[in-house]
Amino acid sequence: MEGKTTFWDFWGTRKEQDALARRISQRKPLPSHLGKLLGNSAVRAQLGKSEMVALLPPVGTEVFRKLTRASLEEIREIEGKEDKILVAEKLRKPSGDLESGKPLPFIFGEPAPEFVNIPLEELDPFYQSQKTFVVLDREKILHRFNADSACCLLTPFNLMRTTAIRIVLHSFFRAFILLTVLTNCVFLTMAQLPEWSKFLKYAFIAIYTLEALVKLAARGFCVGRFTFLWDPCNWLDLMVICTAYLTEIVAAPSLSAFQVLPALKIITAIPGLKRTLGELLQSMKKMGHVVALSLVTLGVLATLALHNFMGFLRQKCVLMAPSNHSLEGLDYQEHINNPAHYYYLPEDVDALLCGNRSDAGICPEGYTCLRAGRNPNYGYTGYDSFGWAFLALFRLATQDFWENLYQLVLRSAGKWYTVYFVVDLALGSFCLGGLIVATLAAVSVERKWARMAEDDRKDKEFVRISQLLKKKEEQEAGSICLTEMQHSSAAEEGVVTQREDVQKPRLACCSIFTDIFLKWSCCSRCWAKRHLCRFVNDPFFDLAIVICIVLNTIFMAMEHFPLTQQFYDQLSLAGLVFTIIFTGEVALKLLAMGPYCYFQVAWNIFDSVIVALTLLEFGLPDMYMFSVLRVFRLARWWPSFNALLKFIAKLLGAARHSALLLAVITLTLAAAGMRLFGKNYKDYVCRISQDCRLPRWHMSDFFHAAFLVFRALCGEWIETMWDCMEVAGQPACLAFYAVVVVVGRLAVLNLFLALLMNGDHRPTSQGEGQNNLKTACNRICGAMIRLKSRVRECTGKKTGRKTLSKIRLNPPVTGLKSDDAGQKEFLALTFVSSETAGSELEDLGRHQVYTGTLQTSGNEDDSQEKDLHNGESSAHAPKPDGRNVPVECFGDQCYECCPILNMDSCPAGLRIWTNVRKACLSVVENKYFRAFVTLVILMSSAKQAIEDVYLEKRLLIRSILEYADLVFTCVFVLEMFLKWFADGLKKYFTDAWCLLDFLIVLISLLSTVPTLLGVPQTPAVQSLRTLRPLRVLSRFEGLKVVTTTLIGAIPFILDVLLACLTLWLIFSITGVRMFAGKFMYCYNGTSEEYFSATDVDNRTECLVLIEQNFTEVRWKNTIMNFDNVAIGYLSLLQVATFKGWMDIIYAATDSKQIERQPEYEANVYKSLYFVIFIIFGSFVTFNFLIGAIIEYLKQRKAKIGGTGLFMTTYQMKCYNSIKRFRPKQNWSSVPRPQNKIQALLFDLVTKASFDIFFMVFACLQVILLAVETSEDSIQKDDILHWMHFVIIVIFTVECVLKIAALRKHYFTFGWNIFDFVLVILFIVGLFLADLMEKYFVHSSALFGVIRLTRVCRILHLLRVAKGVRRLILVLMRSLPALLNIGFFLFLVTFTFSVFGMKNFAHVKKGAMLDDMFNFETFANGALCMFAIGTSAGWDGLLLPLMSVPPDCNPYTEHTGTSIRGDCGRPAVGVVFVVSYISLSFLVVVCMYVVVLLENFKTIGEESADELARSDFQMFGETWKKFDPQASHLIHSSQLSDFCDDLKEPLRMAKPNGVKVAGMDLPLLAGDNVYCVDLLVALVIQARGISGEMDKTALKASMEEKFLAGSQAKDARHYEPISSTLRRKREDVAAAVIQKAYRRHATRATGPTGKSGADAYP
């Protein structure tokens, strides 16, 4: 278990963890064994190194001893010992097994009842010298208390304190407090409390006060350890009580938020929640470096955005003043700041933004682009100050409605700023998000590995103790009791045997009742029952039931709206038939098995419950949802669906505490929001609503507040925060939402990782139902084979009897693996009689041969896949003789059918043919030819990007592109023919990349030939032409690796994906039954508003208005609805991705009945359907799917060996070379100058304080950039300008001083080169930019970028932030793989953009499509695809693509083209968008996996690489002084001098005795210390490394590096006998004993005798 240090090793060990935990929980020593451990000193001596035995008291004493006054006095005497004892105590640690709140270790046995709930002496040796005692509750949980008087009054023997302890530890007391807290939470959810609630409030306060007083009496207040305030959870109790009394005394509205604190007491009342919260807080401590890196990165990006986009979002389309209006009477500022003069798009609250660049948004005629008014979204979205810029960056990092920010910035600043968003998303979202997930996962894995290692240690120690005691018993008694022998044998094997349950004695009447009415034993010999049992247990019975379930599911999925009465009657009849079938199934099984045996199977209970619920549908018409539960029955025969349901059960099982913690946080935040902002929403609702009606998202009541918090946890918080800031002010809302987003997201991520780590993502082992299905299928296959043989006999085909002897009827199956279970079962179930035809046996023989061929080909495919991953193509591999010899051109079957193809009979022709093929092969393998073809592919892809909607107007370019396309097609055809001749048709058409090339060439021919013949191209061929850029995949090895990996994942996760879609099918069918036909509404097309339910109540009244010639009135349906299962799937996908889900929820909550006009929030509780789906259908299924992807990547990594998942072999070699030989220099490598002045400068610049001084100025420079705003005065601009000038002068002086001191060595340091370039850019940006702006062309964008390089100086912080630097090294290690993935994603985006341009260029604009974001040109299409690459706004892109009449006009003419209409193509649009976001999701998951999994060990390994090579050399040189014989060992007495002689950063200055001992170095024979152990300990001290996993990996890495090429032995050849820490304890203990003995001898001799000091030197 020590070698398992990576995520891959941990992944898939859930069963091992559960088995180990089960063994530990059932380990209990026998009473005789425990007696020997307590009374036999020889046994103790043999088990001296056992940590568990060390916890036991000395030999001859009792395990549990009541605390007495005498024992308390002994503790006080020990506590008052000298300083050496205190030093010894500092070097010790308390036992982790005896911590407070943990169950009593099994080594102590079962305590007697008289030792429960009373004070006992300390069990932990660490606390035996301190004033503490322990108490065991009824559940054998250990609790530790302070032995001092509680509150200076109550001693441990006081009756009041012992009673208080009993009350605190009693389960009824804890249950009563929990019930009180839950009751209090119910009242916290009420916005308007009844009058009598104040008395209940006083009761709650009294109960909480009484609880605190009881705890104070039991533990004391604050003096000493384990008192009331020692536990942080009690701080919460104290805050609850104080704020409760304070709110009663002071009526302050700001204190109302503290009234929700009692809800957090749920965490302290449930031990599992308390432990989960503690682990989460520990994880947050490890995230300090990630948080620092995130804040610095977002701060730098926000500063860059501040200076790039300052004031841009205020640029609006303002109405131009009338030409006849006199300028004297026009108030210009009033005109441009009047919102009525702005241009607004329909249904938009904010004015249309514009820009003054050529690629920015333009204004309609009559409007001009001016900077006026406020920023969008109530003025909260902008870059006018650093605070708002940082908020925008944080919004971008969390990807909340960032597509809106993206559109606003590009419309006002220009399309080229897309690069800015690419960088921000890559750094601020994906990289930082990956590091956060990686850090939390690392902490979680480390914690679980530590727990597994501890359990494994306990298990091994228990086995060792049992073995030793068993031998002792055999030696002493010579015989042993059978039961004890079995128990010891089971412990020795380490397997927990499952014993049969002992039946309790039952009364005779009960036994008779069970046999007659439950077991039906009286009918066991009945002929009918035996046949009935055989019938229900037959595999075909299960197959028939599965077919009925599938048919029933299909019939349920056929429900739709509108539904004809005839079709409805047919579906009802089918439902009745299936109900009868499943009821009959249950009845038959009951009759065959009897109730007793039937209900022993869990699946039978599940089936009977579903049948009972479906029968209720006949009596209760409203209960129409239960029949859909039949789909869950498929899990009995479907392993993947069964695994998914078990994974969902994990949410209520292993991850229940994390889920409950998230629920408590949501409850608390919702109640706090309602208390803080509920009144503000009611008082100032007109600020956020035009009709002064509460919006859908508010916090006036608990339900809406909880739903708002739930939405924020789902990732959408920015829009509701705008409303909150508008009605309640900015500071309070910013603080509240910061807590919601940070704490809530952390809790969600914790739950995600808990599910991911604890869940089993692999299908379960085959059960009885699955085996029955296989058996039935095999029987059907056998029957088909027999039928085939009979047909052959009837047609006159003869079969030889000799084949019978050649076929092995029962071949050995010992070598079959689990994957071959189907074949094994098939062979075992096939019955061969003497009348079986020989053809059938031939078929069986061929089946075996075919299966073996498949296995062989599978191995070959694996090897080919590995070669393909490594970038090595076996197609052009040279032969062993060194010559490129072409392979066979055709297959063997071709030569058999056409012997003329074989040219062996014509040697001359064969020689010519071979030479031609060799020439073609040399051309194909030529690197210049490959480069030329790659260039042609790129040019053809660029040609497709140019073919936009404006091409018809550019006749010259169109003609050039047509000829270019013809040339490209000829080149591709020529290449294809050359490959045919070079590789042969057999090899060409068996290579996947060649098949892709052939398909694309064929499509090119299909599009080019009709063009030459004057025939118009079909739309399908035009669409397929866009696949031409995919040929790039086979030209770059990095793309090959990514493509192979992703394509290989699709069939692997297909079964898992189908299981997830089946779960979605259940929700979709439920949605159809709940909402089909209820989303329709009466709509006024002119005002673009809904009719109110009071004006139009239903469809009939709406049609009446239409008949009255109100042409603007329409009875309309939402595009996303639940009218059928297919569109329900699409709606659920929008809900699952949180894009467009709000409109669906709005329509659901407003819906009433079929064809009734919706009413505003008619039933808000219908939204709970979507909440349930988001939890189980989105969160859990996506987690399950991600787990399946990780499982596939783990298997693939095992196949490819040491190569990275998304890296080629060449990239991996280059990275390892760079990592091994990267320069690591420090100032010690630079010689000190001989010149005195230069020497002084050298001493100055090499001091750490010198760099710190200039780092302060670098931070100051960033601060100066951040304080700039769009409303700065001229004086402030001048001050900032001169301050920047001074800082630039300071950095210039630094550069000059370093060059003078270091001379030529200055440019050998990367940081110095970086500083030198920055200084040059500072000077250029300071002078040249102003010069160009004043006297030449206005080019602020270019030189503004140069000026912004000033923020780069802050990167020097990475030199001192070691943890941050380590995280950046993780990213750098992931960079090659991330570049490969990014290149692949770019190619996919390019291809989809071209496809969208070919198919949706003329779609009517709406939703996301406008004049800038559309598919009219490639650039605009790429902007759209980039936005939805993160699934942002894909719903707005899909809506126009699905537009159909009357929402569009199919006859609209487009100038210059023959295309008519502006309608979309719904089917193509859905496939287009869904496939792109699915592929993007897969790619993004792989990007996270690269950071999280591939470089998981790097966080621990790279710390050793941070030390410079000179540091290792310094260590080696110092070691030589103390070890001149190069034995790699020094004596422990030399450690203090050795550590003091070292130089920084490894030096430990004297006095260092305690520090050296605290390193706990292993001591070898002769009290020697091994060099690697000491080096690893010093590195750990210098780098602050924590975690056993990191330390183990570090030691292995250091030993490999330090002893490379050395003849010394490694640590495995040395056996430690002790450690420095243990030896220090022994020395201190010996000194204490000697001093005590001398004191005793002095008192014994008296004042006249010889002193003890003289007598005992």
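Further up the page is the structure itself.
In this report, the structure presented in the accompanying data block is examined. (Residues numbered from 1 in each chain as written. Predicted model: local features only at pLDDT ≥ 70, side-chain atom pairs only at ≥ 80, totals over all residues. Heavy atoms only, no water.)

## Let's talk about the packing of helix H46 (residues 1236–1245) against helix H48 (residues 1274–1302)
Selection rule: All axes are obtained by fitting lines to C-alpha atoms, using only the stretch in contact for helices, and the reported angles, taken between N-to-C directions, cover 0 to 180 degrees. The numbering of helices and of strands both runs from the N terminus, where a helix is a DSSP run of H or I of at least 4 residues and a strand a run of E of at least 2. Angle categories: roughly parallel below 35 degrees, roughly antiparallel above 145, roughly perpendicular from 65 to 115, and oblique for all the rest. The handedness criterion is simple: a crossing whose near helix is rotated anticlockwise from the far helix by less than a right angle is left-handed, and one whose near helix is rotated clockwise is right-handed. Contacts: residue pairs with any heavy atoms within 4.5 Å of one another. Gly falls in the polar group here, along with every residue not listed as nonpolar (Ala, Val, Leu, Ile, Met, Phe, Trp, Tyr, Cys, Pro) or charged (Asp, Glu, Lys, Arg).
Between H46 and H48, the least distance of the axes is 8 Å, while the angle of their chain directions is 120°. Considering the angle they form, H46 stands oblique to H48. Handedness of the H46/H48 crossing: left-handed. Facing H46, whose interface residues are Gln1238, Leu1241, Phe1242 and Val1245, H48 presents Leu1297, Lys1298, Ala1300, Ala1301 and Leu1302. Its residues assigned to classes, the contact of H46 with H48 shows 7 nonpolar, 1 polar and 1 charged.

## A word on the pattern of salt bridges
Threshold: Definition used for salt bridges: Asp or Glu carboxyl oxygen within 4 Å of a side-chain nitrogen of Lys or Arg. Residue exposure (1.4 Å probe, protein chains only): buried if accessible area is under 20% of the type maximum, exposed if over 50%, otherwise partly exposed.
Summed over the entire model, instances satisfying the criterion amount to 57 salt bridges. Residue Arg174 pairs with Glu139 through a salt bridge whose shortest N-O separation is 4.0 Å. Taken together, the residues Arg174 in helix H9 (residues 171–188) and Glu139 in the loop between strand S1 (132–136) and strand S2 (142–146) connect sequence positions 35 residues apart. Using a relative accessible area of 31% as the deciding quantity, one classes Arg174 as partly exposed.

## Some points on the nonpolar core
Where we set the bar: In plain words, nonpolar cores are sets of buried Ala, Val, Leu, Ile, Met, Phe, Trp, Tyr and Cys residues tied together by side-chain atoms within 4.5 Å.
One finds Phe309, Tyr383, Phe421, Phe641, Met699 and Phe1170 to be the most contacted residues of the largest nonpolar core, which totals 257 residues. Every residue in contact with Phe421, bar those within four places of it in the chain, is listed here: Leu396, Trp402, Leu405, Tyr406, Val409, Leu410 and Phe1426. Phe1515, Trp1519, Tyr1570 and Val1579 belong to the second-largest nonpolar core, a separate cluster that totals 28 residues.

## Details of the environment of Tyr1169
To keep it simple, the criterion reads: A 3.5 Å cut-off defines polar contacts: any pair of N or O atoms within that distance qualifies, except that in protein one atom must be a possible hydrogen donor and the other a possible acceptor, and neighbouring residues in sequence count only when both atoms are side-chain atoms.
Looking at the element boundaries, Tyr1169 is found in helix H44 (residues 1167–1200). Along the primary structure Tyr1169 and Phe1067 are separated by 102 residues, whereas in three dimensions their C-alpha atoms are 8.8 Å apart. Residues in contact with Tyr1169, not counting those within four places in the same chain, are Phe1067, Ser1068, Thr1070, Gly1071, Met1074, Phe1075, Phe1122 and Leu1132. For Tyr1169, the side chain forms a polar contact with the main-chain oxygen of Phe1067, separated by 2.5 Å.

## With respect to the pairing of strand S5 (residues 1081–1084)
Spelled out, the test is: Pairing between strands is defined by DSSP: at least two bridges between them are needed.
Here S5 shows a buried face lined by Tyr1081 and Tyr1083 and a second buried face lined by Cys1082 and Asn1084. Of the pairings in the sheet, the one linking S5 to strand S7 (residues 1113–1116) comprises 4 bridges and is antiparallel in character. Paired with Tyr1083 across the two strands is Arg1114, which belongs to S7. When S5 meets strand S6 (residues 1089–1090), the two strands line up antiparallel, connected through 2 bridges. Bridging across to S6, Tyr1083 finds its partner in Tyr1090.

## A few points about the sheet that holds S6
Strand order in the open sheet formed by 3 strands is S6-S5-S7, with antiparallel pairing between adjacent strands. The open sheet is flanked by S6 and S7, the only strands paired with a single partner. Together, S5 and S7 form the strand contacts of helix H41 (residues 1099–1107), whose direction differs from that of S7 by roughly 150°.

## Some points on the side chain of Asp1123
So the rule is basically this: Residues scored as charged are limited to Lys and Arg (positive) and Asp and Glu (negative), so that His and the chain ends carry no count.
Mapped onto the elements, Asp1123 comes out in the loop between S7 and helix H42 (1125–1137). The buried charged residue Asp1123 lacks any salt bridge partner; its closest oppositely charged side chain belongs to Lys1078, at an N-O distance of 10 Å. A polar contact is formed between the side chain of Asp1123 and the side chain of Asn1117, at a distance of 2.7 Å.

## Description of the packing of helix H10 (residues 197–219) against helix H11 (residues 232–249)
In a pair of packed helices, the angle between the axes and the distance between the axes together describe the arrangement. Contact geometry of H10 with H11 gives a least axis separation of 10 Å together with a crossing angle of 140°. It follows that H10 is oblique to H11 by the angle criterion. Between H10 and H11 the crossing geometry is left-handed. Across the interface between the two elements, Lys201, Tyr202, Ile205, Tyr208, Thr209, Glu211, Ala212 and Lys215 of H10 pack against Asn234, Asp237, Val240, Ile241, Ala244, Tyr245, Thr247 and Glu248 of H11. Across the contact of H10 with H11, the residue classes tally to 8 nonpolar, 3 polar and 5 charged.

## Details of the packing of aromatic side chains
We count it as follows: The aromatic pairing rule takes the rings of Phe, Tyr and Trp, using the six-membered ring of Trp, and pairs them if the centres are within 6.5 Å, calling planes under 30 degrees apart stacked, those over 60 edge-to-face and the rest tilted. By definition here, charges over rings are those cases where NZ of Lys or CZ of Arg is within 6 Å of the ring centre and within 35 degrees of the ring normal.
For the structure on display, the rule yields 80 aromatic pairs. Taking 6.3 Å as the distance between ring centres and 50° as the angle between the ring planes, the aromatic pair formed by Tyr378 and Tyr380 counts as tilted. Look at Tyr1306 and Phe1307: their rings are 5.0 Å apart centre to centre, the planes differ by 85°, and that puts the pair in the edge-to-face class. Through a chain of ring-to-ring contacts, the aromatic side chains of Trp1064, Phe1067, Phe1075, Phe1079, Phe1122, Tyr1169, Phe1170, Phe1173, Phe1182 and Phe1481 assemble into a single cluster. One residue, Arg711, lies across the ring of Trp697, its end atom 4.6 Å from the ring centre. Against the face of Phe972 rests Arg1031, its NZ or CZ located 4.7 Å from the ring centre.

## Examining the state of the cysteines
Here, disulfide denotes a covalent bond that connects the sulfur atoms of two cysteines. Put simply, the test is: The criterion for a disulfide is a pair of cysteine sulfur atoms lying within 2.5 Å.
Going through the model one piece at a time under the given rule, you end up with 6 disulfides. The disulfide bridge from Cys724 ends at Cys733, spanning 2.1 Å between sulfur atoms. Disulfide Cys724 to Cys733: torsion about the S-S bond roughly -75°, handedness left-handed. Assigned by exposure class, Cys724 and Cys733 land together as buried. The disulfide that involves Cys1082 links it to Cys1102, with 2.2 Å between the sulfurs. A torsion of 75° about the S-S bond marks the disulfide between Cys1082 and Cys1102 as right-handed. Of this pair, Cys1082 sits in strand S5 while Cys1102 sits in helix H41, and the two are 20 residues apart along the sequence.

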